[in-house]
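A closer look at the structure
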Amino acid sequence: MTQIESLIREELAQAGETTSITPELLKLDDFRITSSTDVAEEEFLFRMFGTPCFPRCELTTITGLEKCGKTFFSTMLMACCATRQALELERIREEPLKVLWYDTEQSRQSTRNILKKRVAPMVGADPFPEAQYFVYNVRSCCYQERLEMLVTGISAYRPDLVIIDNISDLLPSINDSEASVQVIDQLLQIASEYSCNVTVVIHLNKSGEKRNLRGWLGTELLHKSFEVFYCERIYNTKVFSVEQTLSRQQEIDPKLYYEVTAEGLPVVTKKPDTTTRDAQGKFTSSRTETYQVSAEKAATFNNEYIIRHPDDAANPWEWDLRRLFTDAMGSRASIDRDDLRRLVMEKAGIRVERYYKKLFELAMDQRVIKTTMDRNGRVVVIIV
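All values derive from a computational prediction rather than experimental measurement.

A few words now on the packing of aromatic side chains. Enumeration according to the criterion identifies 13 aromatic pairs in this entry. Judged by centre distance (6.0 Å) and plane angle (55°), the rings of Phe72 and Tyr258 are tilted. In this pair, Phe72 sits in helix 3 (residues 70-80) while Tyr258 sits in strand 12 (residues 256-260), placing the two residues 186 residues apart along the sequence. In this structure, Phe72 and Tyr258 share a single accessibility class: buried. Measuring from ring centre to ring centre gives 5.4 Å for Phe240 and Tyr258, while their planes differ by 15°; the resulting arrangement is stacked. One end of the pair, Phe240, is in strand 11 (residues 239-247); the other, Tyr258, is in strand 12, and 18 residues separate them in sequence. Of the residues examined, Phe240 reaches a relative accessible area of 8% and is grouped as buried.

Now the structure itself:
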């Protein structure tokens, strides 16, 4: 009898259970974690605004609407693997990192141009360190081939960072629940086996709500990702932003704002002033179209949650967002997003869901609320 079997028999006996040990029980014990289990600390590849991010052995998600800077952010990561810093991103390790970029969406010409005209100038090295970059365009392949060849490439080249743009092209449908689970589980196994970070790109649903990733695949990614970054082009400006919207451990509060130069390269900039409110209660948001609220309509709202400014003709009123969302949550430490929507609309006297969505985004921007994951991996809202 091995020492492990002896310990298991002893623990079962103390628990009043039978002491028969099966192969299944021995296999399960291989995965047991105790307070004395020797587990390596998380190793992160980068820092953003000084906060560690993109850990090895984990899954990171980049999301946003189309043409909102997801690939731009990916190229910053790629550049940072060779140069020490790219905008607000900083490589933690002194030694350069190897990166595998797996492009499933663009043409071969676009992939080459991004590498040559964007990544290479950001790196600034002459000659360009080709040996660190394993860039593949697999748009012409079927989804089964893409996944098989990806596994082959990671196994052969052992990159530190893997970027898959777009993960939805690795399975037959983003709403295929079984395939979604299988692909994500396989990527997590790869990340653990080869000690790399696997970063995947996925679009948002058409609603544009930044925590509503597309399809069943998006839902599974929210459950399994270590962190999620949301990319956006600020409405009616040339400014892009990157925001960490979910993290299991290291939260990054600031947003990264950048513009693109005439040479096609990103440079840091400030947040543009795009949110205003006029006398009729019209919100102008960088995320969504405006929604007009007439003075008569505004009078139907619950005045308990409205702050009046009688001396300000341009902005005579505003929502008391902290009081409104705090009262809606009551004594709850966290709340489901749909439950919060229903409660806030009831308390405020809001009848149009589209208007509520703008209040929700405004409350997020003002750091009244934020989203996080509960112990079951569900996205919930908490008061900041």
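With that settled, the discussion passes to the sheet that holds strand 18 (residues 335-336). Read across the sheet, three strands follow the order 18-20-19 without closing on themselves; strand pairing throughout is antiparallel. If you trace the sheet from one side to the other, it starts and ends with strand 18 and strand 19 (369-373), each paired once. Sheet topology note: the strand 19/strand 20 (residues 379-383) ladder contains five bridges and is antiparallel. Of the residues in strand 20, the one forming a bridge with Ile369 is Ile383. In this fold helix 11 (residues 353-365) packs onto strand 19 and strand 20, with an angle of close to 90° to the strand it touches most, strand 19.

Take the sheet that holds strand 4 (residues 85-86) next. Read from one edge to the other, the open sheet built from four strands follows the order 2-1-5-4, with strand pairing classed as antiparallel. On the outer flanks of this sheet lie strand 2 (51-55) and strand 4, each paired with one strand and no other. Looking at chain direction, strand 1 (residues 44-48) and strand 2 are connected through four bridges and run antiparallel. Residue pairing in the sheet places Phe46 in a bridge with Cys53 of strand 2. Along the sheet, helix 3 makes contact with strand 1, strand 2, strand 4 and strand 5 (89-91), crossing strand 5 at roughly 30°.

Burial of nonpolar side chains together is a common tendency in soluble globular proteins. Membership of the largest hydrophobic core comes to 40 residues, with the highest contact counts inside it found for Phe46, Met48, Phe73, Val119 and Tyr133. Examining the composition of this core, we find that seven residues originate from one element, helix 3, more than from any other. Aside from chain neighbours lying at most four places away, what touches Val119 is Thr75, Met78, Ala79, Ile114, Phe128 and Tyr133. Leu150, Ile167, Leu217 and Leu246 belong to the second-largest nonpolar core, a separate cluster that totals 35 residues.

Counted by the stated rule, this structure contains zero disulfides. Of the cysteine sulfurs around Cys81, a residue in no disulfide, the closest is that of Cys80, at 7.0 Å.

Detailed reading of the predicted coordinates is not advisable wherever pLDDT is low. Averaged over the protein, the pLDDT score is 86; the fraction of residues at 70 or greater is 86%. The secondary-structure element of the protein with the lowest mean pLDDT is strand 15 (residues 283-284), recorded at 46, while strand 6 (residues 99-103) shows the highest, at 98. Confidence drops under a pLDDT of 50 for residues 277-292, and excluding neighbours within four residues, the segment shows 57 contacts in the predicted structure.

Further remarks concern the packing of helix 6 (residues 177-193) against helix 7 (residues 215-224). Viewed as axis vectors pointing N to C, helix 6 and helix 7 meet at an angle of 35°, and their least axial separation amounts to 9 Å. In terms of crossing hand, the pair formed by helix 6 and helix 7 is right-handed. In this structure, helix 6 uses Ser177, Ser180, Val181, Ile184, Asp185 and Leu188 to contact helix 7, whose residues at the interface are Trp216, Leu217, Glu220, Leu221 and Lys224. Residues of the contact of helix 6 with helix 7, tallied by class, amount to six nonpolar, two polar and three charged.

In this structure, Glu58 sits in the loop between strand 2 and strand 3 (59-64). Although Glu58 is buried, it forms no salt bridge, and the closest oppositely charged side chain is Arg248 at an N-O distance of 5.6 Å. Beyond its immediate stretch of four places on either side in the chain, Glu58 contacts Glu42, Ala191, Cys196, Asn197, Val198 and Phe226.

With that out of the way, let us pick up the pairing of strand 12. Successive residues of a regular strand alternate their side chains across the two faces of the sheet. Direction of pairing for strand 11 relative to strand 12: antiparallel, over a ladder of four bridges. Within the sheet, the bridge partner assigned to Val242 lies in strand 12 and is Leu256. A loop of five residues connects strand 12 with strand 13 (residues 266-268), the two strands running antiparallel in sequence, and Gly264 in this loop sits at a positive phi of about 85°.

What follows concerns unusual backbone geometry. With an omega of 5°, the peptide bond running from Asp126 to Pro127 counts as cis. Its place among the elements puts Pro127 in the loop between helix 4 (108-123) and strand 7 (133-137). A positive phi is found at Lys67, a non-glycine position, where the angle reads about 60°. In this fold, Lys67 is placed in the loop between strand 3 and helix 3. Judged by its relative accessible area of 75%, Lys67 is exposed. With a phi angle near 55°, Leu87 is a residue other than glycine that sits in the positive phi range. Residue Leu87 is classed as buried on the basis of its relative accessible area, which comes to 19%.

Oppositely charged side chains are able to pair whenever their charged atoms sit close together. In total, this model carries 15 salt bridges according to the counting rule given. Here Lys224 and Asp185 are joined by a salt bridge, their closest N and O atoms 3.2 Å apart. Here the residue Lys224 occupies a position in helix 7, and Asp185 occupies one in helix 6, the gap between them amounting to 39 residues. Among the residues examined, Lys224 registers a relative accessible area of 27% and is labelled partly exposed. Glu353 serves as the salt-bridge partner of Arg341, at 3.9 Å between the closest nitrogen and oxygen. Of this pair, Arg341 sits in helix 10 (residues 337-348) while Glu353 sits in helix 11, and the two are twelve residues apart along the sequence. Overlapping salt bridges bring together Glu43, Arg56, Arg93, Glu95 and Asp160 as one network.

About the criteria used
Residue indices begin from 1 for each chain and proceed along its sequence in written order. pLDDT decides what is reported in this predicted model: residues at 70 or higher carry local features, side-chain atom pairs at 80 or more are listed and counted, and totals for whole chains, interfaces and linings draw on all residues regardless. Side-chain figures throughout are based on the complete set of non-hydrogen atoms in the structure, without hydrogens or water. Two aromatic rings from Phe, Tyr or Trp, using only the six-membered ring of Trp, form a pair when their centres are within 6.5 Å; if the ring planes differ by under 30 degrees the pair is stacked, by over 60 it is edge-to-face, and anything between is tilted. Put simply, DSSP H or I for four residues or longer makes a helix, DSSP E for two residues or longer makes a strand, and each gets a number counted from the N terminus. Accessibility here uses a 1.4 Å probe with only protein chains present; expressed as a share of the type maximum, an area under 20% marks a residue as buried, one over 50% as exposed, and anything in between as partly exposed. At least two DSSP bridges between two strands are required for those strands to pair. The contact criterion used throughout is that any non-hydrogen atoms of two residues lie within 4.5 Å. Only the stretch in contact is used when fitting a helix axis, every axis being a line fitted to C-alpha atoms; angles between N-to-C directions are given from 0 to 180 degrees. We call a set of buried residues a nonpolar core when its members are Ala, Val, Leu, Ile, Met, Phe, Trp, Tyr or Cys and they connect through side-chain atoms within 4.5 Å of each other. By convention in this document, the label disulfide applies to cysteine sulfur atom pairs within 2.5 Å. Per-residue confidence from the predictor is reported as pLDDT, which spans 0 to 100. The crossing is said to be left-handed when, going from far helix to near helix, the turn is anticlockwise and less than a right angle, and right-handed when the turn is clockwise. Classification convention: Asp, Glu, Lys, Arg as charged; Ala, Val, Leu, Ile, Met, Phe, Trp, Tyr, Cys, Pro as nonpolar; all other residues, Gly among them, as polar. Counting rule for charge: Lys and Arg are taken as positive, Asp and Glu as negative, and neither His nor the chain ends is counted. Any carboxyl oxygen of Asp or Glu within 4 Å of a side-chain nitrogen of Lys or Arg constitutes a salt bridge here.

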